[in-house]
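Residues per chain, in single letters:
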Amino acid sequence: MDFTIPEEIMDMKRTLRNFVDNEVEKYSQQIEDEDKIPQHLIDKAKEMGLFGMSIPEEYGGLGLSMLERCLLLEELGRANMSFTTYIGAHTGIGTTGIVELGSEEIKRKYLPAMASGEKLGAFALTEPDAGSDATSIKTTAVLKGDRWILNGRKHFITNAPEADIFTVIAVTDREKGARGGFTAFVVEKNFPGFYIGTIERKMGLRGSHTAEVIFENCEVPAENVLGEVGRGYSSALKILSKGRVALAARCVGACDKLLELSVRYAQQRIQFGKPIASFQAIQWMLAEMATDTEAARSLTYRVAWMVDQGLPVIKEGPMVKLFASEALGRVADKAVQIHGGMGYMKDFPVERFYRDARITRIYEGTNEIQRMIIANRLLKKFEI
Amino acid sequence: MKVVVFTKQTFDTEAKITLDDQGKINPEGVSLIINPYDEFAVEEALRIKEKTKGEVTVVSMGGPKAQDVLRQALAMGADRAVLITPELEEMDEYTTATILARAVSRMEYDLILGGWRAIDDGSAQVAGRVAEILGLPVVNMVIKLEIDGGRALATREIEGGSEVVEVPLPAVITAQKGLNEPRYPTMKGIMQAKKKPMEKLALSDLGLTAEEVVPKVRALKYFLPSPRAQGKIVPGEPAEAAAALVRLLREEAKVI
Ligand SMILES: Cc1cc2nc3c(=O)[nH]c(=O)nc-3n(C[C@H](O)[C@H](O)[C@H](O)COP(=O)(O)OP(=O)(O)OC[C@H]3O[C@@H](n4cnc5c(N)ncnc54)[C@H](O)[C@@H]3O)c2cc1C
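Residue numbers run consecutively from 1 along every chain, following the written order of its sequence. Just so you know, chain letters begin at A and ligand numbers begin at 1, following the order they were written in. Reporting of local features is limited, given that this is a predicted model, to residues whose pLDDT is at least 70; pairs of side-chain atoms are given and counted only at 80 or more, and all residues count toward the totals for whole chains, interfaces and linings. To get the side-chain values, take all heavy atoms of the structure and skip hydrogens and water.

What about the site of the ligand?
Residues and elements named next belong to chain A. The nearness test applies per residue and asks whether one of its heavy atoms lies within 4 Å of the molecule or strand. Close to the ligand lie 19 residues, the nearest being Thr-126, Ser-132, Phe-156, Thr-366 and Glu-368. Between the ligand and Phe-123, the relevant distance is 2.8 Å, taken from a nitrogen atom to a main-chain nitrogen or oxygen of the residue. Take Ser-132: an N or O atom from its side chain is 2.6 Å from an oxygen atom of the ligand. Under the convention used here, a 1.4 Å probe and the Shrake-Rupley method define accessible areas, while residue burial counts only the protein chains that appear. Coverage of the ligand by the protein amounts to 65% of the 970 Å² it exposes when considered alone. Polar contacts, as counted here, are pairs of nitrogen or oxygen atoms within 3.5 Å of one another; within protein the pair requires one atom able to donate a hydrogen and one able to accept it, and residues that are adjacent in sequence qualify only if both atoms are side-chain atoms.

Here is the structure:
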């Protein structure tokens, strides 16, 4: 076992940290105030190749392993979380379906422009009546000649207002339902009958936009089926399960940043004539934050490695999402506490992180659902 | 156009400087970066390369760690790198310039670029000395550079304004903040950097001996700046406060 990070990946990490800490950070408050990521930041990220992180080299991406990707996402996680989400939703759930399930034709058609960031990807599964229970989606797709006609409504879709290419899960056979009756499609925003609905107002992640996606007799060419007709539910699960470890890596980066901010602040803030870092109560919080961060990091690396080895991660995937997002919750909470009243003020990044961190326990499968999957596996494994 | 760029690895601008028990600057645990002024020089070289289909060679002198800086420049787009590791105990600007000049004299070049100073020792001597040894013109603290055939038109900062200087090439030009905004290396660039040539040279490879580059200057002592004293707020009405401030500046701080 060797935990050494290769030099080339260290160089990438260093570059990304420099970009995130010195460049993105400068605009964090502006992103918060204007609910918009400045285009020049997105352009720089494109130039650096970040939008191609999950795409194989032959389609213009970086061709990184999952572990390498996680090592980079960790640095991105230090940034304003909406910036990270913008890129992360694209490199994760927004592109995974096409990379993993797309025909050669589909890959050639879509991936190069997605790798350069010219086209942004999104993933649309959730509906008003189908969140945790994705089996109850109602959006339908009916084959008419050489096109599928989609009707229905998705909601809470990250990057929807900006995205060009959507991976959409719809019902193709209501009788069969999730078992053989769902299909995944690649839908372009300019297909006839495709609309973006309300853009949600959220607790956090300002700058990242989540919206409704509406299909009104939306026409999708038959060749845009992703994977096999009828295998859409397992496709969705596959896409989500790949995303989990990547999401965990982003959480680790955010933990790191919060820890750093807190250690700094604790040494600068003087009360009772000494830095608050000299009080054991504060030291314990810092120690726990650091331990949580390291534990989340170790689990992330291990699960990413398992993915790269082709090992099943049916329970480890949910574990890493569960642990890293809750570690981030604890770390963000302590970071606010260490900052005292300042931690509640919008002038300090910890306030934003505290709100932004909350979503990681909800999206890409709530943590209750993760626990359920883990427990199901355990009960199956040790069935008596 | 063939451009050679000098790059030095320096302490991070936010590094906390401490002295070791021998009273020397302690490099332990300090993160290292490319000297920011050299980064402007690398960027300028790359822009010239892109315009003229040229070639950029980056040269650094330092320990094996200085390779990080060279790899960064290669990742940004430089074509090849040269690392000179002289393994000398004591060095000064004379040492560095003599070695660099010797290294460059073995290369083909039309232009030599560097930062106007390194942020660590801040001597601002090396580029000028190299120019002197090679018998080349030097223009310092350049904020705009145009290359036109065999000449360079350089705008440089001077007291209270700027000056435009024309020099024939080859020449040595040093970069000042404002010359450009350096690009970030791309992830692909970082992957490709590993495959680009990096030549490693010792003093003997340049036909030099340690005696030939013995420093002319010896540092007698290093000490840290005294800690900044607490600030003072002068209370009262503006006119009174201003008068009190002037008195304090004169009598206490003794600066006016
Ligand atoms: C900002 C944001 C971005 C999002 N981005 C996307 C996206 O890009 N694409 C996409 O498809 N979706 C996206 N979602 C949707 C997200 O994945 C869902 O919100 C999430 O899966 C939960 O579904 P729900 O909101 O319907 O909650 P519900 O499923 O209604 O859950 C409510 C509560 O009940 C609990 N619960 C439900 N079932 C069980 C059970 N069996 N046992 C125990 N507890 C249970 C849940 O854990 C939760 O605590 C996004 C959501 C948000 C808020």
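There is more to say after this.
Focus on the packing of helix 9 (residues 316-339) of chain A against helix 10 (residues 349-357) of chain A
Residues and elements named next belong to chain A. The axes are straight lines fitted to the C-alpha atoms, using for helices just the contacting stretch, and the angles between their N-to-C directions are given from 0 to 180°. Secondary structure follows DSSP: runs of H or I at least 4 residues long count as helices, runs of E at least 2 residues long count as strands, and numbering of each begins at the N terminus. Orientation of helix 9 relative to helix 10, taken along the N-to-C sense of each, is 155°, at an axis distance of 9 Å. With respect to each other, helix 9 and helix 10 are oriented roughly antiparallel. Helix-helix and strand crossings are classified by hand; for helix 9 and helix 10 the assignment is left-handed. On helix 10, the residues that touch Leu-328, Ala-332, Asp-333, Ala-335, Val-336 and His-339 of helix 9 are Val-350, Tyr-354 and Ala-357. Oblique is the label for any angle not under 35 degrees, not over 145, and not in the 65 to 115 range, which are roughly parallel, roughly antiparallel and roughly perpendicular in turn. If you view the pair so one helix is near and one far, a crossing is left-handed when the near helix is turned anticlockwise from the far one by less than a right angle, and right-handed when it is turned clockwise. We call two residues contacting when some pair of their heavy atoms lies within 4.5 Å.

Some remarks on the UniProt feature "domain: Electron transfer flavoprotein alpha/beta-subunit N-terminal" (unreviewed entry) in chain B
UniProt positions are given in the numbering used here, feature names are shortened, and annotations may be inferred rather than shown by experiment. Those residues carrying the UniProt feature "domain: Electron transfer flavoprotein alpha/beta-subunit N-terminal" (unreviewed entry) are residues 22-210 of chain B in this numbering. Between the end C-alpha atoms of residues 22-210 of chain B the distance is 23 Å, and the span holds 30% helix and 30% strand.

Focus on the nonpolar core
One broad rule of soluble globular proteins: the nonpolar side chains tend to lie buried together. Within the largest apolar cluster, 108 residues are counted, with the highest numbers of intra-cluster contacts made by Leu-50 and Phe-83 of chain A together with Leu-145 of chain B. At 13 residues, the largest contribution of residues to this core is made by helix 7 (residues 232-268) of chain A. Look past the residues within four positions of Leu-145 of chain B in its chain and what remains in contact with it is Glu-44, Ile-48, Leu-111, Leu-113, Ala-152, Leu-153, Ala-154, Ile-173 and Leu-179 of chain B. Note on terminology: a nonpolar core comprises buried Ala, Val, Leu, Ile, Met, Phe, Trp, Tyr and Cys residues joined through side-chain atoms within 4.5 Å. Buried means the residue's accessible area, taken with a 1.4 Å probe over protein chains only, is under 20% of the maximum for its type, while exposed means over 50%, and partly exposed covers the values in between. Counting residues in each nonpolar core, the second largest holds 47 residues, with Ile-55, Ala-124, Ala-141 and Phe-185 of chain A among its members.

Some thoughts on a nonpolar patch on the surface
All names here are of chain B. Candidates for patches are residues over 30% relative accessible area with no salt bridge; among them, like charges are joined within 9 Å and nonpolar side chains (Val, Leu, Ile, Met, Phe, Trp, Tyr) within 5 Å. Any carboxyl oxygen of Asp or Glu that lies within 4 Å of a side-chain nitrogen of Lys or Arg is treated as forming a salt bridge with it. Taken together, the side chains of Ile-17, Ile-25, Tyr-222 and Leu-224 define a hydrophobic patch exposed on the protein surface, amounting to about 330 Å² of accessible area. Topologically, Leu-224 is positioned in the loop between strand 11 (198-201) and helix 6 (238-251). The exposure class assigned to Leu-224 is partly exposed, which follows from its relative accessible area of 42%.

Observations concerning the interface of chain B and chain A
By a widely used convention, the size of an interface equals the accessible area lost when the partners come together. Counting residues at the interface gives eleven residues for chain B, matched by 19 residues for chain A. Computed with a 1.4 Å rolling probe, the buried area is the accessible surface lost when two parts are put together, summed over both parts. The junction of chain B with chain A conceals about 1,500 Å² of combined surface from both sides, 58% of it contributed by carbon and sulfur atoms. Area buried by chain B at its contact with chain A is led by Tyr-184, Met-187 and Met-191 of chain B, which between them contribute 48% of it. The interface formed by chain B and chain A includes four salt bridges. As a salt-bridge pair, Arg-71 of chain B and Asp-11 of chain A come within 2.6 Å of each other at their nearest N and O atoms. Counting the contacts that link chain B with chain A gives seven residue pairs in polar contact (both at pLDDT 80 or more). Secondary-structure elements contributing two or more residues to the side of chain B that touches chain A are helix 2 (67-76) and helix 5 (187-193) of chain B. Ranked by the residues each element gives to the side of chain B that touches chain A, the list is headed by helix 5 of chain B, at four residues.

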